[in-house]
Amino acid sequence: MKVTFYGIGYVGLVQAAVLADAGHDVCCVDVDQEKIDKLKEGVIPIYEPGLTALVQENYNQGRLIFTTDAKQGVEFADLQFIAVGTPPDEDGSADLKYVLKVAETIASHMTSNKIIINKSTVPVGTADKVTSHITSRLEARDPRLSFSVVSNPEFLKEGSAVADCQKPDRIIIGTESSEAEEVMRELYAPFNRNREKIIVMDVRSAELTKYAANCMLATKISFMNEMANVAEQVGADIEAVRHGIGSDPRIGYQFIYPGCGYGGSCFPKDVQALIRTTDSLGYESQILKAVESVNYRQKNKLFEYISKHYQLDKNPQAIAGKTFALWGLSFKPNTDDMREAPSRVLLELLWKAGAKVQAFDPEAMEETQRIYGNRVDLTLMGTKEAALANADALVICTEWKNFRAPDFENIKSELAEPVLFDGRNMFEPKILEEKGIQYFSIGRGLSVKGKE
Ligand SMILES: NC(=O)c1ccc[n+]([C@@H]2O[C@H](COP(=O)([O-])OP(=O)(O)OC[C@H]3O[C@@H](n4cnc5c(N)ncnc54)[C@H](O)[C@@H]3O)[C@@H](O)[C@H]2O)c1
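The paragraphs below set out a description of the structure included in this document. Everything numeric here is computed off the predicted structure, so don't read it as measured data.

## Considerations on the packing of aromatic side chains
- All chains considered together, the criterion is met by 14 aromatic pairs.
- Plain terms: the ring middles of phenylalanine 427 and tyrosine 439 are 6.2 Å apart, the flat faces sit at 55 degrees to each other, and that makes the pair tilted. Of this pair, phenylalanine 427 sits in the loop between strand 13 (419–422) and helix 18 (429–434) while tyrosine 439 sits in strand 14 (residues 438–441), and the two are twelve residues apart along the sequence.
- Every member of this aromatic cluster is reached through a ring pair, and the members are Tyr305, Tyr310, Phe324, Phe421 and Phe440.
- Positioned above the aromatic ring of phenylalanine 155 is the side chain of arginine 170, whose terminal nitrogen or guanidinium carbon lies 3.7 Å from the ring centre.
- In this structure, arginine 375 packs its charged tip against the face of tryptophan 351, placed 3.7 Å from the ring centre.

Pasting the structure below:
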């Protein structure tokens, strides 16, 4: 089948490459000329495991086309996917200007009937907005043309986006049109072989399903972080509690890791957007507001430990001039995405207190450089070991695999004072204690209390 994607970011590029790999012909349209030029040269703008080979292979086979020419995209296919960004507006609601811009583009160039598929995460009612946008433009141009707008939200996870698209848990199709449903079923048939994954529903329910899923996951994280803070207060170990509750199949082990907060391009903005939606309807979503504020507080947690350890309350200058080694910058492992990353909150608090940072991340250093530019209080180091050199303490913000079994002797000998602030609970407090390293981790009351 022939398909066009508008918006060649994390979602658009991965989904386009995976559909092409299944045999479909995909035209990828983006307004970012530099991105498109690079993609044509085989340079992939984001880090995602397996993506480079997939894009290059399908581009070389001619199943992927990259262009900035939107008219070419409209003419290329009857199936038109919108996968542009929906960033938070000033008030936190989803900004639909990119989505509506694509709708306008399609309306101004279409000369045959189209199925327009919203893959971007958009508030309930957006399909109706896209429909009326296109209808009003077509009325002036060619009212005989028809189209339908389908909601097909994306559930891929950054870090395993290719695998998620190749083997989706579910494929949500929001449509009231049986014709559109049939076409969507045909498109996704290669991904629907070992069991029925397609769930068809009305458009509004499909739009809400995406927000409900992300808000549920964010709730699990904030709930666990709340419990971690309680554990700290009462002298319990949240890791023991995690095992204790995860073994209940009604709760499960997934997404109950305590840590220094959730980040990324989805959870923070989607929780916020749903809060704005409910507020605008006069319904206060108390749970979502709590999820957001717990997360906001949790992102300050590592700095809280640092403040306690160095007694910043007694001497606000206590860490001025000190150097912190920082392992992990991306908001989670296996991605270079720094959007809303907890590391950014920590970096900014350390800088404000006059400290310097020597940071290492396996993939997100270029992105960090792009965001912060050259600063005297930030040095990006080539390896995790290099980040330790002459540092005063070590902080971990992201649980990359290659941080799991570090050389503790080396950490101890490199740091001015053997102290580790771990935002991801990567190690056993007892082992670190035996090794003579002071260890602060999230929600393990005993280890934290012992240092006070
Ligand atoms: N990143 C994720 O993990 C993820 C997962 C599921 C859903 N989503 C949702 O998918 C959508 C896209 O997210 P993303 O992370 O891929 O965004 P992104 O910022 O990585 O990419 C968006 C792309 O759209 C392009 N664009 C903007 N206006 C355009 C236009 N008029 N025509 C063509 N291209 C245009 C931009 O240049 C950019 O390359 C968002 O709504 C997001 O919430 C993201």
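## Some thoughts on helix 8 (residues 178–188)
- All buried positions along helix 8 are accounted for by Ala180, Met184, Leu187 and Tyr188. Projected down its long axis, helix 8 shows its buried positions confined to an angular sector of 85 degrees, all on one face. More than 90 degrees from the buried face of helix 8, the exposed residues found are Ser178, Glu179, Glu182 and Glu186.

## A look at the environment of cysteine 266
- Looking at the secondary structure, you find cysteine 266 in the loop between helix 10 (238–246) and helix 11 (267–280).
- Separated by 51 residues in the primary sequence, cysteine 266 and cysteine 215 place their C-alpha atoms 9.6 Å from one another.

## Brief notes about the side chain of glutamine 358
- Structurally, glutamine 358 is set in strand 10 (residues 356–360).
- Beyond its immediate stretch of four places on either side in the chain, glutamine 358 contacts Thr323, Phe324, Ala325, Leu326, Thr379, Met381, Ala386, Ala387, Leu388, Ala389 and Ala391.

## Quick notes on the pattern of salt bridges
- Scanning all chains against the criterion turns up 27 salt bridges.
- Residue aspartate 248 pairs with arginine 250 through a salt bridge whose shortest N-O separation is 2.8 Å.
- When its relative accessible area of 75% is taken as the criterion, arginine 250 is described as exposed.

## Re the pairing of strand 6 (residues 147–151)
- Among the five residues in strand 6, five count as buried, and that is most of the element.
- The alternating pattern of strand 6 places Phe147, Val149 and Ser151 on one face and Ser148 and Val150 on the opposite face, and all of these are buried.
- Assessed by its sense of winding, the connection that carries the chain from strand 5 (residues 114–118) through helix 6 (residues 126–141) to strand 6 is right-handed.

## A look at the site of the ligand
- Lining the immediate surroundings of the ligand are 27 residues, of which Asp30, Lys35, Thr86, Glu158 and Lys269 lie closest.
- Within the contact set of the ligand, a nitrogen atom lies 3.3 Å away from a backbone nitrogen or oxygen of glycine 7.
- Contact with the protein chains removes 88% of the 840 Å² of surface that the ligand exposes when unbound.
- Where the shell around the ligand is concerned, the elements lending two or more residues are helix 1 (10–21) and helix 5 (97–109).
- When grouped by side-chain class, the residues that make up the shell around the ligand number eleven nonpolar, seven polar and nine charged.

Cut-offs and rules
Residues numbered from 1 in each chain as written. Predicted model: local features only at pLDDT ≥ 70, side-chain atom pairs only at ≥ 80, totals over all residues. Heavy atoms only, no water. Phe/Tyr/Trp six-rings, centres within 6.5 Å; stacked < 30°, edge-to-face > 60°. Helix = DSSP H or I, 4+ residues; strand = E, 2+ residues; numbered from the N terminus. Lys NZ or Arg CZ within 6 Å of the ring centre and 35° of its normal. Buried < 20%, exposed > 50% of the residue type's maximum accessible area, 1.4 Å probe, protein only. Arc of directions from axis to C-beta. Contact = heavy atoms within 4.5 Å. Salt bridge = Lys/Arg side-chain N within 4 Å of Asp/Glu carboxyl O. Right-handed = clockwise from strand over helix to strand, strands pointing away. Near = heavy atom within 4 Å. Polar contact = N/O pair within 3.5 Å; in protein donor to acceptor, adjacent residues only side chain to side chain. Areas by Shrake-Rupley, 256 points an atom, 1.4 Å probe, with all protein chains shown as cover. Nonpolar A, V, L, I, M, F, W, Y, C, P; charged D, E, K, R; others polar.

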